[in-house]
Structures are given as structure tokens and as C-alpha cells.
Amino acid sequence: MKILNLYPQPLEQVGTYVRRSCKIERQDDDQIINSRILWYEFPEIENLPTDTDSESYLIAVIMEAMLENRKIVVHGTVSRELLANLTEYRDAWCCWLPQVYHPVDFQVDEIVDNVVRLPSAVCAFSGGVDATFSVWRHGKNKNGYRSQAIKTCAMVHGFDIPLQDEEVFVTAFNQASATLKSIDIPLLPIRTNFRKVIWTNWEHVFAAALVAALQNFKKIVGTCLIGSSEPYKSLVFPWGSSPITDNLLSSEEFRVLHDGATHSRTQKVATINEWKEGCDNLRVCWQGAL
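Conventions we followed
Residues numbered from 1 in each chain as written. Predicted model: local features only at pLDDT ≥ 70, side-chain atom pairs only at ≥ 80, totals over all residues. Heavy atoms only, no water. Phe/Tyr/Trp six-rings, centres within 6.5 Å; stacked < 30°, edge-to-face > 60°. Lys NZ or Arg CZ within 6 Å of the ring centre and 35° of its normal. Core = buried A, V, L, I, M, F, W, Y, C linked by side-chain atoms within 4.5 Å. Buried < 20%, exposed > 50% of the residue type's maximum accessible area, 1.4 Å probe, protein only. Contact = heavy atoms within 4.5 Å. Salt bridge = Lys/Arg side-chain N within 4 Å of Asp/Glu carboxyl O. Helix = DSSP H or I, 4+ residues; strand = E, 2+ residues; numbered from the N terminus. Axes fitted to C-alpha atoms, helices over the stretch in contact; angles between N-to-C directions. Parallel < 35°, antiparallel > 145°, perpendicular 65-115°, else oblique. Left-handed = near helix turned anticlockwise from the far one by under 90°. Nonpolar A, V, L, I, M, F, W, Y, C, P; charged D, E, K, R; others polar.

Draft legend 1. The packing of aromatic side chains, seen in detail. This model, assessed by the stated rule, comprises 10 aromatic pairs. Clustering of aromatic rings is evident, with ring pairs tying together W93, W96, Y101 and F237. Looking at K23, its charged tip hangs above the ring of Y7, at a distance of 5.2 Å from the centre.

Structure, rendered in C-alpha cells:
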């Protein structure tokens, strides 16, 4: 049997950052093929999940396990709700691409129930149109009953900006921070080696990668906003982020909301035009104006 073992590691201090990490071990029958360490680094923040909490790591590896047809064995804790949602998430991708992905099984050391979800939200933010639209609309309570109270935003270093490009990230982070400061929302950095150790097609896995990173904030906020890529009237399948599958990355403690699919990119820009700092600092591609 082919297995992907997840071994959550103890919290570490790495310079001025705190690191959460997991050993990912490939096993074929009784033989260990290889192992890697997936990590996420954060500045000192209020609270992080326990060392054994493995929800972030499970979300991070599910697509790779499906690609390689490996049963996932989690040597830690996962909520029952996340396991139920990922079962449907797995099956959706197997329906879309049965020649690529396989309906793998999960095994977990400890299943957690009845966890309380905190109020308020985190939004993934890099200064692009989709995230800027979501932050403005929710930050100004322009989305009716669906509006979320955004406590913080987060920007990930290691996704579109490689880890070695420190200067590029700092410039982009400072620009995004200036945008959010105008509406009193802080921006937190996350560093991760996800793209160095998870080799699945990025166009398929990017939303799962993002949620896996933001999941580490679930002791601070209970909801994650992901800005939509396309409007409802022109959805693309298969694609890594959609209103069909993003919510299936939710756990009992951390709800994921796909946001903004009611608007086209042009309509989003028209809304952002109400926000001077949002317009002035908009990144029209991942590199922005450097």
C-alpha cells in the first residue's frame, strides 16, 4: 500500500519568526521512500494551533496524495467536519479529472468534535483586484448580511513571490500594508516552503495552499475570505478556486468563504474606485510596480 504519513512537529523559534511544521513521509508497503518538512512561519502572534493540530497539513497535501494515489495517515488531530468536507472535495476533483486524481482514504490518530469557531475573519491580501475588492466591501460592511468583520489580513511569502526574493516581498508587503492602514486593518506576513515541497499543479492546488496557510490563524479568527477569480456567469472548471470547492476546505473551527463571484473583474474595479488608497496601491500583476 502507498501511504503519505503526516507527523506534526513541535513549535520552533526561527529568528524573529515562529515555525509550525510537519514531516511528510512517503511509504510504499513497509519501505520509507522519502520525507520532507513542510513549514509555515509567522511573527509573534496571539495564539497558534497546538503542535498536534494537523488540519493545515492535511489540506496542504491532499491534492498530492490524490495525484500519487496514497492513503493519508495523520499522526495528529483533525476535526470531523474537515474530514467530511475533504471527502467531498476529493470526490469533486476525481469527477473533474478521473485520469489524474484518485479517491484516497484518510486515517487520523484523533478526530476532534464540538470545537468553537471564533468570530471575525482573515482575508488573504496581496493588493490585487480580487482581494482589494473583498476587503473594501467587507471592511465597509457593503455586503449586507454576508459582510464579515475582518480582524486582519495576511500575505504569503513563498507562493507567487519566491522565498529567495526577500526585497520583492518586502516592497509588496509595505505597499499592501499602506493600503490596509487607511481602513485600520493590519497585515500579517506568512512564510512557507509549500511550493518547494508540494509538487502538484499550482493551478489546481492554489486555493488549498492558501487555506492551509491561513488555517494557522484559527485561534485568532474563525472565517477565511478568498477573493473569487471568476464571476458565477463564467466559472472555469477544473480550477483551483471556485464557489463549489473552496467552502469544502472548511473545518469546524475555520470556515472558508469564496467571495466576490457576483461581480466581474470590471465591476470589482468600479467598486474599488471608491477607495483611493486601494486604487493607488493596486497590483495589476503579482510583481506590481517595483
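Draft legend 2. Fine view of the nonpolar core. Ranked by size, the top nonpolar core spans 60 residues in total, and within it Y40, L58, L214 and F217 carry the most contacts. Among all residues touching F217, those that are not within four sequence positions of it are F42, I45, V122, A154, L188 and I190. Counting residues in each nonpolar core, the second largest holds 20 residues, with C123, F173, L180 and L187 among its members.

Draft legend 3. Structural detail: the pattern of salt bridges. Within this structure, the stated rule accounts for 19 salt bridges. The closest approach of N and O atoms between D28 and R70, which form a salt bridge, is 2.8 Å. One end of the pair, D28, is in strand β3 (residues 17-28); the other, R70, is in the loop between α1 (55-68) and β5 (71-79), with 42 residues separating them in the sequence. Its relative accessible area of 6% is what places R70 among the buried residues. Across the salt bridge formed by E55 and K218, the nearest N and O atoms sit 2.7 Å from each other.

Draft legend 4. Structural view of helix α3 (residues 129-139). With respect to burial, α3 is a largely interior element, 10 of its 11 residues being buried. Inspection of α3 places V129, D130, A131, T132, F133, S134, V135, W136, R137 and H138 among the buried residues, and these make up the whole buried set. Downstream of α3 by one or two residues, N141 has phi in the positive range, about 55°.

Draft legend 5. Main features of the packing of α1 against helix α2 (residues 80-96). Taken N-terminus to C-terminus, the directions of α1 and α2 make an angle of 20°; their axes are 11 Å apart at the nearest point. Relative to α2, the element α1 is oriented roughly parallel. Handedness of the crossing formed by α1 with α2: right-handed. Counted together, E55, L58, I59, I62, M63 and M66 of α1 and L82, L83, L86, Y89, R90, W93 and C94 of α2 form the full contact between these two elements. In terms of residue class, the contact of α1 with α2 is made up of 11 nonpolar, no polar and 2 charged.

Draft legend 6. The environment of C279, seen in detail. Take C279: it is sitting in helix α8 (residues 276-280). Assessed through its relative accessible area of 30%, C279 is described here as partly exposed.

Draft legend 7. Region of the structure containing unusual backbone geometry. Omega for the peptide link from F237 to P238 comes to -10°, which places this bond in the cis form. Considering the arrangement of structural elements, one finds P238 in the loop between β10 (223-227) and β11 (255-259). With a phi angle near 55°, N114 is a residue other than glycine that sits in the positive phi range. With respect to the secondary-structure elements, N114 resides in the loop between β6 (106-112) and β7 (121-124). One non-glycine residue, S120, adopts positive backbone phi at about 75°. With respect to the secondary-structure elements, S120 resides in the loop between β6 and β7.

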